[in-house]
Amino acid sequence: MAGGIVVNHGNANNYAHGSKLTSSVVIICIVAGSAGLIFGYDVGVSGGVTTMGPFLEKFFPFVLQRMADEKQSQYCLFDSQSLTAFTSSLYIAGLVSSLIAGRVTTTAGRKGSLIMGGFIFMIGTALNAFALNIWMLIIGRLLLGFGVGFTNQAAPLYLSEMAPPKWRGTLSTGFQFFLTLGVIVSSFINFAVARLGDYGWRIALGAGGIPAFMMTIGAIFIPDTPSSLIQRGKVKEAYRSLQTVRGIDSDTESELNELIAHNEAKKAADQDPYKLIMQRRYRPHLVLTIAIPSFQQLTGINVIAFYGPVLFRSVGFGSDGALIGGIILGAVNILSTLVSTYAVDRVGRRILFLQAGGQIFLSQIALALLLAIEIGADGNTTSSRNAAILVMVLTCSITAAFAWSWGPLTWLIPSEILPMEIRPAGQGICIACNFIVTFILSQTFLTVLCHFKYAVFLFYATWVMIMTIFVAVFVPETKGIPLEYMDQVWLKHWFWRRYV
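**Focus on the environment of Leu 370**
The topology assignment puts Leu 370 in helix 19 (residues 349-374). With relative accessibility at 12%, the residue Leu 370 sits in the buried group. Each C-alpha atom of the pair Leu 370 and Ala 387 lies 7.4 Å from the other, and the pair is 17 residues apart in sequence. Excluding anything up to four places from it in sequence, Leu 370 contacts Ala 387, Leu 390, Val 391 and Leu 394.

**Brief notes about a nonpolar patch on the surface**
On the surface, Ile 210, Phe 213, Met 214, Ile 217, Ile 220 and Phe 221 cluster together into a nonpolar patch covering about 650 Å² of accessible area. One can find Ile 217 in helix 11 (residues 209-221).

**Focus on the packing of aromatic side chains**
Each aromatic ring pair is described using two quantities: the centre-to-centre distance and the angle formed by the ring planes. Taken as a whole, this structure holds 23 aromatic pairs when the rule is applied. Note on Phe 55 and Phe 59: the rings are 5.3 Å apart at their centroids and 55 degrees apart in plane angle, and the pair reads as tilted. Within this pair, Phe 55 and its partner Phe 59 are both found in helix 4 (residues 53-59), separated by four residues, close to a single helical turn. In this structure, Phe 55 and Phe 59 share a single accessibility class: buried. You can call Phe 55 buried: its relative accessible area is 0%. Following the ring pairs from residue to residue traces out a cluster consisting of Phe 295, Phe 353, Trp 406, Trp 463, Phe 470, Phe 474, Trp 494, Phe 495, Trp 496 and Tyr 499. The ring of Phe 59 carries the charged tip of Lys 58 above its face, separated from the ring centre by 5.9 Å. A cation over a ring is seen here: Arg 346 above Tyr 342, with NZ or CZ 4.1 Å from the ring centre.

**A short note on helix 23 (residues 456-474)**
With 19 residues, helix 23 extends 27 Å from end C-alpha to end C-alpha; this agrees with the ideal 27 Å at 1.5 Å per step. Among all positions of helix 23, only Val 456, Phe 457, Tyr 460, Ala 461, Val 464, Met 467, Thr 468, Phe 470 and Val 471 are buried.

**Points about the confidence of the model for the protein chain**
Of all residues in the protein chain, 85% have pLDDT values of 70 or greater, and the mean over the chain is 83. In the model, residues 1-17 has pLDDT below 50 throughout and makes 24 contacts with residues more than four positions away in sequence or in other chains.

**With respect to the side chain of Ser 97**
Note that Ser 97 resides in helix 6 (residues 81-107). A relative accessible area of 0% means that Ser 97 is categorised as buried. A distance of 3.5 Å separates a polar atom in the side chain of Ser 97 from the backbone oxygen of Gly 145.

**A few points about the packing of helix 2 (residues 23-33) against helix 9 (residues 168-193)**
Look at helix 2 against helix 9: their axes get within 8 Å of each other, and the N-to-C directions meet at 35 degrees. The hand of the helix 2/helix 9 crossing is right-handed. Contact residues: helix 2 offers Val 25, Cys 29, Ile 30 and Gly 33, while helix 9 offers Leu 171, Gly 174, Phe 175 and Phe 178. Considered class by class, the residues forming the contact of helix 2 with helix 9 number six nonpolar, two polar and no charged.

**As for helix 22 (residues 423-452)**
At Phe 445, helix 22 shows its largest bend, some 50 degrees. Burial analysis of helix 22 places 22 of its 30 residues in the buried class, which makes it a mostly covered element. At the C-terminal side of helix 22, Lys 453 shows a positive phi close to 60 degrees.

Parameters and conventions
- Residues numbered from 1 in each chain as written.
- Predicted model: local features only at pLDDT ≥ 70, side-chain atom pairs only at ≥ 80, totals over all residues.
- Heavy atoms only, no water.
- Helix = DSSP H or I, 4+ residues; strand = E, 2+ residues; numbered from the N terminus.
- Buried < 20%, exposed > 50% of the residue type's maximum accessible area, 1.4 Å probe, protein only.
- Contact = heavy atoms within 4.5 Å.
- Patch = residues over 30% accessible without salt bridge, like charges linked within 9 Å, V, L, I, M, F, W, Y side chains within 5 Å.
- Areas by Shrake-Rupley, 256 points an atom, 1.4 Å probe, with all protein chains shown as cover.
- Salt bridge = Lys/Arg side-chain N within 4 Å of Asp/Glu carboxyl O.
- Phe/Tyr/Trp six-rings, centres within 6.5 Å; stacked < 30°, edge-to-face > 60°.
- Lys NZ or Arg CZ within 6 Å of the ring centre and 35° of its normal.
- Expected span 1.5 Å × (residues − 1).
- pLDDT = per-residue confidence, 0-100.
- Polar contact = N/O pair within 3.5 Å; in protein donor to acceptor, adjacent residues only side chain to side chain.
- Axes fitted to C-alpha atoms, helices over the stretch in contact; angles between N-to-C directions.
- Left-handed = near helix turned anticlockwise from the far one by under 90°.
- Nonpolar A, V, L, I, M, F, W, Y, C, P; charged D, E, K, R; others polar.
- Bend = angle between axes of the 7 residues up to and from the residue.

And the structure:
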């Protein structure tokens, strides 16, 4: 029978094995969550090195020529398809690998995907660090993309399946916490090596191999998730994994039996998960799995993350000031992620989404107005110091709101709403959508900025309004609900119940 066992809320609320938080599960989730570190580091380092003179001189000398031209519009300084290809090539590779990773995560497990992704990422950092030409640089970026495609697919699933339901939101935000930590670490490294000439950018790009090595080694020593092990017929290992994360005095057998029952229901369906997710009863899962990661990028946050230092330099900060601005954004990001870690299992997912939507919308409007007044449409005027600081304040406001909402919740919600039979496929679609929208935006942003000028932030503000309305109408609250009972959420929703 489709959907497996049927339960009531009384059983779900008495889900005893879902409430205990052990030291083992915290340590294991920290190791898995550190996969976000390599992604965050790469996001931050790519924006920083593109402001370094020696890097631009070696690979993109025409950018330096534009910067020397006093008549050049500030909006168009960095408008270059080859420069954006350096940043965005990672995401087209991530798109491809995330679809492959859906099947690898099923056959090799969540742990296997983490190890594979970390290894590929290390090769990519080595190519970037020793790059002799633009093609070697972009091939290295493509390998980095393949690596994060695997780790971004596996880590959120791992965290969601390992965490007790009561603490799932808190532990799952660990991925976003490490992602933001990676951004701020890369900002510090960019600033520290900026004056080292040709060695500076090589050190910055190559240092990404360090967190990748640490994550890969850590993944070797953690157990795979019970759900993944049961899917592959390793019931005894699943039992040991449950005992490790829940504690020996927990009701491990009860949870194991429920996982086995759900797995048997999935096997009885005997359908390809990518075909299964297209069926009508999985329509809410498919829609949210596509919409949420796509909307995340339309907040405009990756524009600030990738090109924050470039933006600060364009509005009047010097090279060092632009890198310091990147450090400040990273600090705001990581502190705000801690707000989400505290609040997500207390106030719920929807409130964080809705509050942040209003804050990001107003900040985007204010940023557009400020740039219109200070730089104007022609972009030939350098803004005042006070205006540059206000740009920093507004970008920090956008970053903070994102970090306690769309940042962590984009990884959390798809991983917790997907039933076991379509979970790897759904997560693969989720990561693929995230990567393809990121690729399109990162590849086109500098050109769009050059032509749209300050109105580019009005474009993102419009999208933020649309996605906030979407959340208010279509995204249900999932706080504290065990994964095995998530179907009850759809049955109670005013719109989605007609499908399930």
